[in-house]
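Close look at the chain arrangement
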Amino acid sequence: MNLRELLDEILSQIEERKWGKAQGRDYSKEKKYNNSPERIKYRSELNKYNREKGTYGNGDGKDASHKNGKIAGFEKSSKNKGRKEKSRLKGYNKGCKNKRK
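Calculation criteria
Residues numbered from 1 in each chain as written. Predicted model: local features only at pLDDT ≥ 70, side-chain atom pairs only at ≥ 80, totals over all residues. Heavy atoms only, no water. Salt bridge = Lys/Arg side-chain N within 4 Å of Asp/Glu carboxyl O. Helix = DSSP H or I, 4+ residues; strand = E, 2+ residues; numbered from the N terminus. Buried < 20%, exposed > 50% of the residue type's maximum accessible area, 1.4 Å probe, protein only. Pairing = 2+ DSSP bridges. Patch = residues over 30% accessible without salt bridge, like charges linked within 9 Å, V, L, I, M, F, W, Y side chains within 5 Å. Areas by Shrake-Rupley, 256 points an atom, 1.4 Å probe, with all protein chains shown as cover.

1. Re the pattern of salt bridges
Counted by the stated rule, this structure contains one salt bridge. In this structure, Arg-4 and Asp-8 form a salt bridge, with 3.8 Å as the shortest nitrogen-oxygen distance. With Arg-4 and Asp-8 both in helix H1 (residues 3-19), this residue pair falls four residues apart, about one helical turn. Residue class for Asp-8 comes out partly exposed when judged on its relative accessible area of 36%.

As structure tokens, this is what we get:
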């Protein structure tokens, strides 16, 4: 096997891993989850709070912060979305009755 064939083989393996459905995101499940009545209600509550406070769409980079299930003010959107919540921690779903499939 020459160098060119080896490189082609490596690149094809990388592409398979990068775009393989088994290892990638399942957008159909995400769409179903985000369109559920609970998520729509949740997003609408946060948007309503932002509009009432005058920060909706003004480009300040702040989001309504949600801590312990309640809106707790504003914080930088990257901090708000990146917080380690229990549901995101490894092993959280092991003890839950409604396990993901």
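2. A look at the pairing of strand E2 (residues 70-76)
Across five bridges, the pairing between strand E1 (residues 62-67) and E2 is antiparallel. What sits directly across from Asp-63, in E2, is Glu-75. Connecting E1 to the antiparallel partner E2 that follows it, the hairpin turn spans two residues, and Asn-68 within it adopts a positive phi of roughly 55 degrees.

3. Looking at a nonpolar patch on the surface
Nonpolar side chains collect at one region of the surface, where Leu-3, Leu-6, Leu-7, Ile-10, Leu-11 and Ile-14 lie side by side and expose about 550 Å² of accessible area between them. Examined against the element boundaries, Ile-10 turns out to sit in helix H1.

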